[in-house]
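Each chain, letter by letter, is given below.
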Amino acid sequence: MTAVVPLRRPGFARIRTAGAPLYALCLGCVAVLVLAALAAPWIVPADPNAVDLGNALAGPSPAHPFGIDASGRDTLSRLLIGARTSLLGPLGVVAFSTLTGVVIGATAAWRGGWLDSVLSRSTELVFAFPGMLLAILIVSVYGEGLVAPVLALAVAYLPYVSRLTRSLVLAERERPYASAYVVQGHSGIQICLRHVLPNIAPVILAQSTINFGYALIDLAGLSFLGLGVPALTPDWGRMVFDGQTAVQQGYPLSAILPCAAIVLTVVAFNVVGERWADRVARRNR
């Protein structure tokens, strides 16, 4: 009997495992960032808003490992507490835009007809208005804070999730199992909630992690412009803005560290999201 040798695409296993170390590193970074943000009130070395002008712009020391900023505040404490605000804002953007976008996209795809046209055209109108400009407009009306820019950016991100969900639900609707459930008398809501949405959830989750990184950059940019959180609230974008004075005086550490935190977080979430998307794509081949 002749042995059957399974055919393998050249280098496919190598391609699959090439990014594994980077993915593991980024996933670990995400876990550390989330844990640090949750535990920040209990692990900060000092009060993040305590002012010591006599030691302003002091370098790293055992009491202040990352030094003191131009306002006399401990940089490490503000960095840790700032992680809570810097991660909570993007989480709100992603949660609102994903939930609303999934409902709109799934409804448009499943019902079709005039409802699909109305919902699709309505969400596409948002593309004509840049998200950052919408956030700046809303903040200028309602004042600084986290709620207004989060809602504005969530509305700006909603069409991306809606269009992705619509295309995925349209593909699932053509599958035999969906037709079988329709024949059995199941409602569209039951089919979507129990079968369609669980099938497309990995793709939506992967896209949400990527959107999280973009939202973090946008919110940090608004805080840098003074349109985000109030001045005394620790936030990475606000720390970069406050660190401008220190950079001009030759002490860039208080500005470099929040910049590095933003870059690290965005890269980590994007790598994790792209890896999850690749896994879903390979599974569906």
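Just above, that's the structure.
What you see is a predicted model; the values in this text were computed from it and never measured.

Peer 1: Is there a simple way to explain the packing of helix H7 (residues 176-183) against helix H8 (residues 188-224) in this structure?
Peer 2: Two packed helices can be described by the angle between their axes and the distance between those axes. H8 packs onto H7 with a crossing angle of 175 degrees between their chain directions and a minimal axis gap of 11 Å. In terms of their interaxial angle, H7 and H8 are classed as roughly antiparallel. Every residue of H8 that contacts H7 at Tyr-177, Ala-178, Tyr-181 and Val-182 is listed here: Ile-191, His-195, Val-196 and Asn-199. Within the contact of H7 with H8, the residues separate by chemical class into six nonpolar, two polar and no charged.

Peer 1: Explain unusual backbone geometry to me, please; I cannot follow it from the model alone.
Peer 2: Glycine aside, a negative phi is what most residues show, and trans is what most peptide bonds show. Of note in the backbone geometry, Leu-57 takes a positive phi value of approximately 65 degrees without being a glycine. On the secondary structure map, Leu-57 appears in the loop between helix H2 (20-43) and helix H3 (75-111). For Leu-57, a relative accessible area of 13% gives the class buried.

Peer 1: How do you make sense of the environment of Ala-261 when you look at a structure like this?
Peer 2: Within the secondary structure, Ala-261 sits in helix H11 (residues 253-283). Overall, Ala-261 belongs to the buried group, its relative accessible area being 13%. A C-alpha to C-alpha distance of 39 Å links Ala-261 and Ala-108, two positions 153 residues apart in sequence.

Peer 1: I tried to follow the nonpolar core on my own but got confused; where do I start?
Peer 2: Across soluble globular proteins, you tend to see nonpolar side chains buried next to one another. In this structure, Leu-79, Leu-87, Phe-212, Leu-216, Trp-236 and Ile-262 are the most contacted members of the largest nonpolar core, which totals 23 residues. At the level of elements, H2, H3, H8, helix H9 (236-242) and H11 are the ones that each hand at least two residues to this core. With eight residues, H11 is the single largest residue contributor to this core. Those residues in contact with Trp-236 that sit more than four places away from it in its chain are Leu-33, Leu-79, Gly-82, Ala-83, Ser-86, Leu-216, Pro-258, Ala-261, Ile-262 and Thr-265. Within the second largest apolar cluster, 13 residues are counted, among which are Val-102, Val-161, Leu-168 and Cys-192.

Peer 1: Help me out: how do you make sense of the pattern of salt bridges in this one?
Peer 2: Close approach of charged atoms lets side chains of opposite charge pair. Taken as a whole and assessed by the stated rule, the structure comprises six salt bridges. For the salt bridge of Glu-124 with Arg-121, the shortest nitrogen-to-oxygen distance reads 3.1 Å. Remark: Arg-121 and Glu-124 occur in helix H4 (residues 113-124); sequence separation between them is three residues, near one turn of the helix. Take Glu-124: its relative accessible area is 30%, and that puts it in the partly exposed class. With its nearest N and O atoms 3.9 Å apart, the salt bridge here joins Arg-238 to Asp-242. On the criterion of helical spacing, the pair formed by Arg-238 and Asp-242 is a turn pair, its members being four residues apart in helix H9. By relative accessible area, Arg-238 is classed as buried at 10%. Residues joined in a network through salt bridges with shared partners are Asp-69, Arg-73, Arg-238 and Asp-242.

Peer 1: Would you explain a nonpolar patch on the surface in this entry?
Peer 2: Taken together, the side chains of Phe-129, Leu-133, Leu-137, Val-141 and Tyr-142 define a hydrophobic patch exposed on the protein surface, amounting to about 540 Å² of accessible area. Structurally, the position occupied by Phe-129 is in the loop between H4 and helix H5 (131-142). Given a relative accessible area of 35%, Phe-129 falls into the partly exposed group.

The rules behind each value
- For every chain, the first residue of the written sequence is number 1, and numbering continues from 1 along that sequence.
- Only residues with pLDDT of at least 70 get local features here, since the model is predicted, and only at 80 or more are side-chain atom pairs given and counted; chain-wide, interface and lining totals rely on the full set of residues.
- With hydrogens and water stripped out, all remaining heavy atoms of the structure feed into the side-chain values.
- For every element, the axis is a line fit to its C-alpha atoms; helices are fit only across the contacting stretch, and the angle between N-to-C directions ranges from 0 to 180 degrees.
- Helix and strand assignments come from DSSP, with helices taken as H or I runs of at least 4 residues and strands as E runs of at least 2, each series counted from the N terminus.
- When describing relative orientation, an angle under 35 degrees is termed roughly parallel and one over 145 degrees roughly antiparallel, while 65 to 115 degrees is termed roughly perpendicular and anything else oblique.
- Note on definitions: a residue-residue contact is assigned when non-hydrogen atoms from the two residues lie within 4.5 Å.
- For this classification, the nonpolar set comprises Ala, Val, Leu, Ile, Met, Phe, Trp, Tyr, Cys and Pro, the charged set comprises Asp, Glu, Lys and Arg, and every other residue, Gly included, is treated as polar.
- Using a 1.4 Å probe on the protein chains alone, a residue whose accessible area is under 20% of its type maximum counts as buried, one over 50% counts as exposed, and one in between counts as partly exposed.
- Take the buried residues of types Ala, Val, Leu, Ile, Met, Phe, Trp, Tyr and Cys, join any two whose side-chain atoms come within 4.5 Å, and each joined set is a nonpolar core.
- Between Lys or Arg on one side and Asp or Glu on the other, a salt bridge is scored when a side-chain nitrogen of the former is within 4 Å of a carboxyl oxygen of the latter.
- Patch definition: residues with relative accessible area over 30% and no salt bridge; like charges joined within 9 Å; nonpolar side chains (Val, Leu, Ile, Met, Phe, Trp, Tyr) joined within 5 Å.
- Accessible surface area values rest on a Shrake-Rupley calculation with a 1.4 Å probe, where residue burial reflects the displayed protein chains alone.

All we've got here are geometric facts, nothing functional implied.
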